[in-house]
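# Analysis of the macromolecular model
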Amino acid sequence: MVRTLRRTTSYADEDHIFVGFQDVVERLLAELLRTEPRRSVISIYGMGGLGKTTLARNLYISPNIVSSFPTRAWICVSQEYNTMDLLTNIIKSIQGRTKENLDLLEKMTETDLESYLRELLKGRKYLMVVDDVWQREAWESLKRAFPDSKNGSRVIITTRNEDIAERADDKGFVHRLRYLSQEESWDLFSRKLLDVRGMVSAMERLAKDMVDKCGGLPLAIVVLSGLLSHKKGLEEWQKVKDHLWQKIKDDSIEISYILSLSFNDLPIALKQCFLYFGIFPEDKLVYAEYIMWLWMAEGFIPLGEERMEDVAEGFLSELIRRSLIQVVSTPWNEVSECRIHDLLRDLAVQKALEVNFFDIYDSRKHSISSLCLRHAIHDQAERYLSLDLSNLKLRSIILFDPNFYKLGLINFRNEFQHVYVLHLEIRYDIKLPDAIGCLYHLKFLRLSGVRELPSSIGNLKNLQTLFVLAYPCQLPPETADLINLRHLDAKYSKPLKRISKLTSLQVLRGIHCDQWKDVDPVDLVNLRELTMFDIKKSYSLTNIGSLKNLRTLNLSCYSEESFPALEFLSSCQKLHKLRLHGRIEKLPLSDLFPNSITIMFLLESKLKEDPMPILGMLPNLRNLNLVEAYEGKEITCSDNSFSQLEFLRLNSLENLEKWHLATSAMPLIKGLGIYECPKLKEIPQRMNDVERLKIRLLS
């Protein structure tokens with residue numbers, strides 16, 4: 001049954017229906033048919049149900065492929081693979097299933113089968129499709145049997161795991177499969193619907209709403225179409241819309257099974273991390289670092305030699321590689337925002353309830369599980385608080401309700417006294433009660449709508465993360481008593497004179513320049529990221545150079561002010577990311593920038609002199625963004641400059657007319673973005689073939 005269900009992921013093969021991805025097919029066909037003689041691997045990866053197998057099948061049966069590869073074979077690896085069976089099946093598909101062949105194969109060991117297949121393929125131009133690879137070892141155990149006869153042979157791998165795709169072949173081609181567009185989704189739905197002509201306009205509107213909710217996932221669209229094909233009339237379609245996700249789960253074992261397979265493949269720690277995405281409202285964008293800090297507070301991140309933040313980042317990367325989580329934005333070349341697909345969120349909520357991991361308050365039934373120690377409240381928080389929570393030792397409260405303002409209804413001293421995580425996204429201008437200081441176990445506190453924190457906050461000695469979104473907010477002096485605080489993100493109005501006591505601090509955001517000038521940063525030995533605003537030219541930033549472990553520095557000037565001297569940067573020898581927002585009268589010489597810088601943003605710098613000769617000498621700079629950074633007419637990138645640069649964005653350089661680019665400059669450039677540079681009529685010829693970058697919001 002497992003094998004049968006897994007094969008149904010190739011749902012479109014039998015119907016020869018293939019919607020969308022025509023452009024992808026053409027690109028991959030070109031890759032398969034190019035004249036490169038070396039045997040190479042084309043990897044296709046993406047979430048289960050996106051159509052990886054369907055895409056591979058369309059390539060496999062393409063007339064050009066059939067005529068170009070005399071020998072072809074297709075195997076489905078799956079999770080519980082057996083290498084001997086895989087090798088045997090390939091041989092059978094090439095040689096046929098005669099009794100003689102079967103008897104011969106029956107007597108062979110795995111080593112014999114590998115050698116036999118290798119000899120069978122030697123000299124042949126072949127195409128192998130290795131479908132649904134879950135583990136890297138599966139590919140490693142097969143590839144030795146695929147010889148390179150320098151005749152243009154190819155292997156296609158489909159997988160859900162980015163790591164497998166990337167490592168299959170150092171010089172191979174990797175393609176991440178996209179979701180269907182709205183138009184493509186409707187096209188697929190219409191083709192699969194049995195009685196399209198019986199769909200009246202009102203039914204069509206309902207169907208389009210439902211198809212949109214499938215989020216471009218082909219498998220979901222096909223199942224929905226099959227379901228509606230057996231429902232007659234507007235009323236029945238309306239019922240399907242009202243109960244869409246439950247009906248899909250109830251009526252379609254394929255979807256639930258495919259998504260469950262992805263979940264079950266995770267280690268326990270990653271399962272917990274994945275399930276946590278389900279606690280957020282549907283379609284909620286989640287800040288990557290926010291979810292990672294939550295994992296830390298919950299105890300999902302094991303303690304060891306590595307920083308917890310680094311381990312958490314690895315966990316998130318793994319969930320993204322497995323296509324369980326979607327990346328939304330990467331402004332610092334790191335994942336900034338992410339989201340979980342609706343179907344996967346449904347799975348997370350379902351699995352969480354099964355193991356009492358968390359529950360979401362149901363305001364219609366006015367109920368929530370008393371067995372779950374993590375509660376999410378997405379609306380009507382006041383009604384939720386009227387429940388009897390006194391006997392529950394709640395661990396986490398995630399509250400989203402912009403209409404809630406009665407913090408006095410929260411019994412911090414009793415019902416919430418055991419919580420590790422408290423997230424309050426509520427109405428603005430609320431004062432936090434003194435009773436918050438009773439939450440001695442609290443490790444994570446995120447406040448939206450709260451401007452003033454009481455002095456009792458200093459009692460929270462276990463707090464790791466304090467995140468206040470209101471601006472400006474008032475933090476009491478006792479904040480400096482939070483000895484275990486690792487992340488402080490709050491634009492606060494009064495100085496924290498003893499901030500140097502926070503020796504565990506890793507991230508400090510929102511500090512005003514007036515407050516920083518009195519800080520002695522020598523004791524902030526663990527600080528990795530600093531964000532400071534309202535900087536004035538009259539202030540000195542020299543003491544930033546004492547932050548020996550600083551990796552990210554984000555500085556913004558006050559109004560039309562200019563930056564003070566920036567020579568202190570030479571002391572920040574571990575700095576990777578630098579963002580300077582404000583007028584810079586003169587850039588420091590290149591040898592005063594740390595060699596470690598890989599990403600730089602210069603915004604509204606209004607430089608008079610061409611910055612390229614200085615920036616081009618930075619040996620590890622990979623990503624450069626210039627926004628209103630230069631007022632001159634010409635930029636010059638000389639020989640051997642920008643030796644590691646991969647991405648360049650020029651934005652709002654209104655006077656720029658000419659760009660001189662030496663032959664050996666920017667040898668590794670991959671992406672170029674030019675926006676709002678009206679006088680720049682042409683770019684260096686070599687840049688015409690470089691991929692154009694889409695404009696994005698700057699972090």
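All figures in this text were calculated on a predicted structure; none of them were measured in a lab.

### A look at the overall build of the protein
Within the protein, the regular secondary structure consists of 22 helices and 26 strands. Within the protein, contacts between residues at least 6 apart in sequence are counted, and of these 53% link residues at least 24 apart.

### Overview of the nonpolar core
Formed by 109 residues in total, the largest nonpolar core has its most connected members in Phe 416, Leu 530, Ile 544 and Trp 659. The greatest single-element share of this core, amounting to 4 residues, is contributed by strand E12 (residues 421–431). Beyond its immediate stretch of four places on either side in the chain, Trp 659 contacts Ile 635, Cys 637, Leu 648, Met 666, Leu 672, Ile 674, Leu 680, Ile 683, Pro 684 and Met 687. The next biggest cluster of nonpolar side chains, apart from the first, holds 90 residues, and it includes Phe 69, Val 129, Leu 266 and Ile 398.

### Brief notes about the pattern of salt bridges
Evaluation of the coordinates by the stated rule reveals 32 salt bridges. Ionic pairing is found between Lys 501 and Asp 481, a salt bridge with its closest N-O pair at 3.2 Å. With Lys 501 in the loop between strand E15 (487–492) and strand E16 (507–512) and Asp 481 in the loop between strand E14 (465–473) and E15, this pair connects stretches of sequence that are 20 residues apart. A relative accessible area of 39% means that Lys 501 is categorised as partly exposed. Judged by relative accessible area, Asp 481 falls into the buried class, the value being 17%. A salt bridge links Glu 631 to Lys 608, with the shortest nitrogen-to-oxygen separation between them at 2.6 Å. Within this pair, whereas Glu 631 is found in the loop between strand E21 (623–627) and strand E22 (634–637), its partner Lys 608 is found in the loop between strand E20 (599–603) and helix H22 (612–615), the two being separated by 23 residues in sequence. By relative accessible area, Glu 631 is classed as partly exposed at 32%.

### Some thoughts on the packing of aromatic side chains
Overall, the coordinates contain 16 aromatic pairs when judged by the stated rule. Relative to Phe 467, the ring of Tyr 290 lies with its centre 6.3 Å away and its plane at 80 degrees, an arrangement referred to as edge-to-face. Here the residue Tyr 290 occupies a position in helix H17 (residues 288–298), and Phe 467 occupies one in strand E14, the gap between them amounting to 177 residues. Judged by relative accessible area, which is 9%, Phe 467 ranks as buried. Arranged with centres 6.2 Å apart and planes meeting at 90 degrees, the rings of Phe 412 and Phe 416 form a pair that is edge-to-face. The residues Phe 412 and Phe 416 share a single accessibility class, namely buried. Among the aromatic residues, those joined into a cluster by ring pairs are Phe 280, Tyr 290, Trp 293, Phe 400, Phe 444 and Phe 467. Between the NZ or CZ atom of Arg 374 and the centre of the ring of Phe 357, over which it lies, the distance is 4.4 Å.

### A look at the pairing of strand E18 (residues 552–557)
Most of E18 sits out of view: 6 of its 6 residues are buried. Pairing between strand E17 (residues 529–535) and E18: 5 bridges, direction parallel. Residue pairing in the sheet places Met 532 in a bridge with Leu 555 of E18. Sheet topology places E18 next to strand E19 (residues 577–581); 5 bridges connect them, and they run parallel. Bridge pairing in E19 links Asn 554 to Arg 579.

### Focus on the packing of helix H5 (residues 83–95) against helix H7 (residues 110–121)
Running from N to C, H5 and H7 point in directions that differ by 30 degrees, and their axes come no closer than 10 Å. Our classification of the angle between H5 and H7 gives roughly parallel. In this structure, the crossing between H5 and H7 has a hand that is left-handed. Contact with H5, carried on its side by Thr 83, Met 84, Leu 87, Thr 88, Ile 90, Ile 91, Ile 94 and Gln 95, involves Glu 110, Leu 113, Glu 114, Tyr 116, Leu 117, Leu 120 and Leu 121 of H7 and no other residues of that element. Classifying every residue of the contact of H5 with H7 gives 10 nonpolar, 3 polar and 2 charged.

### Quick notes on the environment of Leu 524
Relative to the assigned elements, Leu 524 resides in the loop between helix H21 (513–516) and E17. Leu 524 sits 22 residues away from Ser 546 along the chain, and the two C-alpha atoms are 8.7 Å apart.

### Some details on the side chain of Asn 554
Position of Asn 554 relative to the elements: it lies in strand E18. When its relative accessible area of 11% is taken as the criterion, Asn 554 is described as buried. In terms of polar contacts, Asn 554 uses its side chain to reach the side chain of Arg 579, at 3.2 Å.

### Description of the confidence of the model for the protein
Predicted confidence across the protein gives a mean pLDDT of 84, with 90% of residues reaching 70 or more. The model gives residues 1–17 a pLDDT under 50, and that stretch makes 30 contacts with residues more than four places away or in other chains. In this model, residues 250–254 is a region of pLDDT below 50 whose contacts with residues beyond four sequence positions or in other chains number 7 contacts.

### Considerations on the environment of Asn 64
Within the fold, Asn 64 resides in helix H4 (residues 63–68). Considering only alpha carbons, one finds Asn 64 and Leu 32, 32 residues apart in sequence, at a separation of 9.9 Å.

### Observations regarding the packing of helix H11 (residues 201–213) against helix H13 (residues 234–242)
Across the interface, H11 lies against H13 with an axial gap of 10 Å and an inter-helix angle of 15 degrees. If you check the angle between H11 and H13, you find them roughly parallel. H13 is crossed by H11, and the crossing has left-handed handedness. Residue-level contacts link Ala 202, Met 203, Leu 206, Ala 207, Asp 209 and Met 210 of H11 to Leu 234, Trp 237, Gln 238, Val 240 and Lys 241 of H13. When grouped by side-chain class, the residues that make up the contact of H11 with H13 number 8 nonpolar, 1 polar and 2 charged.

### Quick word on H17
For H17, the tally of buried residues reaches 10 of 11 residues, placing the bulk of the element in the interior. Taken together, the buried positions of H17 are Ala 288, Tyr 290, Ile 291, Met 292, Trp 293, Leu 294, Trp 295, Met 296, Ala 297 and Glu 298. One or two residues past the end of H17 sits Gly 299, with phi positive at roughly 85 degrees.

### Concerning unusual backbone geometry
Phi at Gln 380 is positive, roughly 50 degrees, even though this residue is not glycine. Among the secondary structure elements, Gln 380 is positioned in the loop between strand E10 (374–377) and helix H20 (381–385). We note that Ser 652 has phi near 60 degrees; this positive angle belongs to a residue other than glycine. If you trace the backbone, Ser 652 turns up in the loop between strand E23 (647–651) and strand E24 (658–661).

Thresholds applied
Numbers given for residues are sequential positions, taken from 1 along each chain in its written order. Predicted model: local features are reported for residues with pLDDT of at least 70 only, side-chain atom pairs are reported and counted for 80 or more only, and whole-chain, interface and lining totals are derived from all residues. For side-chain calculations, the full set of non-hydrogen atoms in the structure is used, while hydrogens and water are omitted. Runs of E in the DSSP output that reach at least two residues are strands. Runs of H or I that reach at least four are helices, and both are numbered from the N terminus. Residue contacts follow a heavy-atom distance rule, with two residues in contact if any of their heavy atoms lie within 4.5 Å. For the purposes of this section, nonpolar cores are sets of buried Ala, Val, Leu, Ile, Met, Phe, Trp, Tyr and Cys residues that join through side-chain atoms within 4.5 Å. The buried label applies to any residue whose accessible area, calculated with a 1.4 Å probe on protein chains only, is under 20% of its type's maximum; exposed applies above 50%, and partly exposed to all values in between. Any Lys or Arg side-chain nitrogen found within 4 Å of a carboxyl oxygen on Asp or Glu counts as a salt bridge. Two rings belonging to Phe, Tyr or Trp (six-membered ring only in the last case) form a pair when the distance between their centres is within 6.5 Å. Interplanar angles under 30 degrees mark stacking, angles over 60 mark edge-to-face geometry, and anything in between is tilted. Only when the NZ atom of a Lys or the CZ atom of an Arg is both within 6 Å of the ring centre and within 35 degrees of the ring normal do we say a charge sits over the ring. Two strands pair under a simple rule: DSSP has to find at least two bridges between them. Here the axes come from fitting lines to C-alpha atoms, over the contacting stretch only for helices, and the angles between their N-to-C directions go from 0 to 180 degrees. By the definition adopted for this analysis, an angle is roughly parallel if under 35 degrees, roughly antiparallel if over 145, roughly perpendicular if from 65 to 115, and oblique otherwise. Crossing handedness is read from the near helix: turned anticlockwise from the far helix by less than a right angle, it gives a left-handed crossing, and turned clockwise, a right-handed one. In this classification, Asp, Glu, Lys and Arg are treated as charged, Ala, Val, Leu, Ile, Met, Phe, Trp, Tyr, Cys and Pro as nonpolar, and every other residue, Gly included, as polar. Two N or O atoms count as a polar contact when they lie within 3.5 Å, although within protein this holds only if one can serve as hydrogen donor and the other as acceptor, and sequence-adjacent residues are included solely when both atoms are side-chain atoms. Known as pLDDT, the predictor's confidence for each residue is given on a scale from 0 to 100.

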